Amino acid sequence: MKKQLLTIISVCLAAVACSAAQETDEFTTKSGKKVTITCIKHGSFEINYDGMEIQVDPVRDAVLPITNYSEYPKAKMVLITHEHKDHFDKEAIACVRNQSTDIYLTQSCYDDYHNGVAMRNGDSIAYAEDVHIKAVPAYNTTPGRERFHPKGRDNGYVLTLDGLRIYIAGDTEDIPEMAELKDIDIAFLPCNQPYTMTPEQFVKAANMVKPKVLFPYHYSETPINKVRMMLIGSGIDVRIRSYK
C-alpha cells in the first residue's frame, strides 16, 4: 500500500512538473501577427498563430512528465513526424482534436491511425492563404542506426505562417537535404544519441540550415549547453528550453 501511494505521489509530481516547466517564446510575422511557441517536452510543443492552435507530436505519458492535453485548447492542426511512441500518441491526439481538427502525419502513422492526411517527403499543402506545410526528409545516416529512422519513412516539416518559416526536423541526423532549406526563421533540431545527432552533427546541421532562432529539442541526457557554446559566433540565436 505504501509503495502504491509513493507511486501515485510520483506521478502527480511529474504532472505538476510538466506545467511548471513550460516556457513560451513570441515571434511576429511580416504582417504583425503573433506566433507563440510553448515548450511542452522532448519532441512536443504547441504553436499558437494568431489564435490558431497547432500541436506538434503531442505525447501524454510515453515521455515523462505526464502531459494533460485536456487542459489545452482544441487544435486546429496536429503534425506528427513519425510512428515512435515518444512522438505518436493516439490518446494525446484524441484530447486535442475535435471535428474541425486537421491531422497531418506519415504514411505509416496513417496506416495505424486511419485518420488524417498522409504526407510523404516532398509533399506540400496550402492549408490556407497564409499557412503552408511541406514534408521534408528525416532519417538516420550513420551505419547501424538506419533501423531507427529509415530514409523515406518519417517526416520533418517546414511550416510557413504568414511568411514566418519554422523547420521541425523530427528525428534525423545531419542529412544533406538540410542544405536545401532556405530562409528558415525558427528551427527545431534534435540532439540525442544513438537515435538522432551528436553535438558535432547538430552544429553541422545548424550551420546548414542557418535559422535565425534555434531550439535544440529531443535532447535527453545530452549536455545541451555544450551545443550552445559550440555555436557561439555563428549568428544563430540558440535558445535552450525544457525539451529533455
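Before reading on, note that the structure itself is shown above.
(A) Representation of the overall build of the chain within the structure. A count of helical and extended segments in the chain gives five helices and 14 strands. Computed over the C-alpha atoms, the radius of gyration of the chain is 17 Å, within 12% of the 18 Å expected from 2.2 N^0.38 for a compact globule of 244 residues. The C-alpha extent of the chain, read off along each of the three principal axes, is 55 × 40 × 35 Å. By residue count, 51% of the 244 residues in the chain fall in the buried class. Partitioning the contacts of the chain with sequence separation of at least 6, the portion at a separation of at least 24 is 55%.

(B) Fine view of helix H4 (residues 199–209). Summarising burial for H4: eight of the 11 residues are buried, a large majority. On its buried face, H4 is in contact with strand S11 (164–168), strand S12 (186–190), strand S13 (213–217) and helix H5 (224–230). Looking one or two residues past H4, Lys210 carries a phi angle of roughly 55 degrees, positive in sign.

(C) Here's a closer look at the nonpolar core. In this structure, Ile47, Met77, Leu159, Tyr167 and Leu189 are the most contacted members of the largest nonpolar core, which totals 57 residues. For this core, the element with the most residues is H4, which contributes six residues. Apart from residues no more than four positions distant in its own chain, Leu189 is found in contact with Tyr167, Ala169, Met178, Met197, Phe202, Ala205, Ala206, Leu214, Phe215, Pro216 and Tyr217. The next biggest cluster of nonpolar side chains, apart from the first, holds 14 residues, and it includes Tyr72, Phe88, Ile93 and Val96.

(D) Geometry of the sheet that holds strand S6 (residues 102–105). With mixed pairing, the seven strands of this open sheet are ordered in space as S1-S2-S3-S4-S5-S6-S7. Unpaired on one side and paired on the other, strand S1 (24–28) and strand S7 (117–118) mark the two borders of the sheet. Sheet analysis places strand S2 (residues 34–41) next to strand S3 (residues 44–49), joined by six bridges and oriented antiparallel. Bridge pairing in S3 links Thr38 to Glu46.

(E) Structural context of the sheet that holds strand S9 (residues 131–138). Reading across the sheet, the seven strands line up as S8-S9-S10-S11-S12-S13-S14 and stay open at both edges, with mixed pairing between neighbours. Across the chains shown, the open sheet's two edge strands, defined by having one partner strand only, are strand S8 (124–128) and strand S14 (237–238). Lying on the sheet, H4 is in contact with S11, S12 and S13; it crosses S12 at an angle near 160 degrees.

(F) Quick look at the pattern of salt bridges. Counting across every chain of the model gives 14 salt bridges. Of the charged contacts, one joins Glu83 and Arg153 as a salt bridge, the two residues approaching to 3.6 Å between their closest N and O atoms. Taken together, the residues span a long stretch of sequence, with Glu83 in the loop between strand S5 (77–79) and helix H2 (90–96) and Arg153 in the loop between S9 and strand S10 (154–161) at a distance of 70 residues. Glu83 sits in the partly exposed class, given a relative accessible area of 33%. On the basis of relative accessible area, Arg153 is assigned to the partly exposed category, the value being 22%. Between Lys244 and Glu221 there is a salt bridge; the shortest N-O distance is 3.4 Å.

(G) Up close: the packing of aromatic side chains. Applying the stated criterion across every chain, the model contains 11 aromatic pairs. The interplanar angle of 20 degrees and the centroid separation of 5.0 Å between the aromatic rings of Phe188 and Phe215 together place this pair among those described as stacked. In this pair, Phe188 is assigned in strand S12 and Phe215 in strand S13, connecting sequence segments 27 residues apart. Pairwise contacts between aromatic rings join Phe45, Phe188, Phe215, Tyr217 and Tyr243 into one cluster.

The rules we used
Residues numbered from 1 in each chain as written. Predicted model: local features only at pLDDT ≥ 70, side-chain atom pairs only at ≥ 80, totals over all residues. Heavy atoms only, no water. Helix = DSSP H or I, 4+ residues; strand = E, 2+ residues; numbered from the N terminus. Rg over C-alpha atoms; globule rule 2.2 N^0.38 Å. Buried < 20%, exposed > 50% of the residue type's maximum accessible area, 1.4 Å probe, protein only. Contact = heavy atoms within 4.5 Å. Core = buried A, V, L, I, M, F, W, Y, C linked by side-chain atoms within 4.5 Å. Pairing = 2+ DSSP bridges. Axes fitted to C-alpha atoms, helices over the stretch in contact; angles between N-to-C directions. Salt bridge = Lys/Arg side-chain N within 4 Å of Asp/Glu carboxyl O. Phe/Tyr/Trp six-rings, centres within 6.5 Å; stacked < 30°, edge-to-face > 60°.

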